[in-house]
Amino acid sequence: MTKQRHPEADAQRAIVHALRVVLPCGSIVHHSANEVTSGSRSAKSRQAILQGMGVHRGFSDLIVLSGGRVLFLEVKSQTGRLSPAQADFRDAVRDQGFAWAQVRSVDDALGALAEYGFTARVKAPPSRSRIGRAAR
């Protein structure tokens, strides 16, 4: 049996771990489990229940709360793209003045913290790309 690969999930786990290390004590890094990915009938029913309870389509994978700031992070694999619902969410968040970034690696996430003025216990590495700018 072949081991399944989950590049976005692997990247997200690494990002969460790194953020918990570098952010000041008391910071919150939260994953929003906002969709049921199975196409089964019970999964569709569960998704409808979640939406009725306030799950928002396209909501970012991670929310970072630290030092009075809020940052929404959408984690993508190296080839992943935003869905239309995710792009709509990004635009709504930015229109309200919140920070949002699409990240593919720990370095991207640390760069987003620096770009949006978050205080970290560790200095972010020099950015190799303009975090979130390509998706704006």
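Everything that follows concerns the structure shown earlier in this document.
Residues numbered from 1 in each chain as written. Predicted model: local features only at pLDDT ≥ 70, side-chain atom pairs only at ≥ 80, totals over all residues. Heavy atoms only, no water.

Draft legend 1. Local environment of the packing of helix H1 (residues 7-22) against helix H4 (residues 106-115). At a closest axis distance of 9 Å, the pairing of H1 and H4 adopts a crossing angle of 40°. Relative to H4, the element H1 lies oblique. Pair H1 / H4 crosses with right-handed handedness. Contacts between H1 and H4 involve Ala-14, Ile-15, Ala-18, Leu-19 and Val-22 from the former and Val-106, Ala-109, Leu-110 and Leu-113 from the latter. (Axes fitted to C-alpha atoms, helices over the stretch in contact; angles between N-to-C directions. Helix = DSSP H or I, 4+ residues; strand = E, 2+ residues; numbered from the N terminus. Parallel < 35°, antiparallel > 145°, perpendicular 65-115°, else oblique. Left-handed = near helix turned anticlockwise from the far one by under 90°. Contact = heavy atoms within 4.5 Å.)

Draft legend 2. View of the packing of aromatic side chains. Applying the stated criterion across every chain, the model contains four aromatic pairs. Look at Phe-59 and Phe-89: their rings are 4.7 Å apart centre to centre, the planes differ by 45°, and that puts the pair in the tilted class. Pair noted here: Phe-59 is in the loop between helix H2 (41-52) and strand S2 (62-66) and Phe-89 is in helix H3 (residues 84-95), with a separation of 30 residues, a long-range link. Looking at Phe-89, the relative accessible area reads 7%, which means it is buried. An aromatic cluster is present here, built from Phe-59, Phe-72, Phe-89 and Phe-98 joined pairwise through their rings. Taking NZ or CZ as reference, Arg-90 lies 5.8 Å from the ring centre of Trp-100, over its face. (Phe/Tyr/Trp six-rings, centres within 6.5 Å; stacked < 30°, edge-to-face > 60°. Buried < 20%, exposed > 50% of the residue type's maximum accessible area, 1.4 Å probe, protein only. Lys NZ or Arg CZ within 6 Å of the ring centre and 35° of its normal.)

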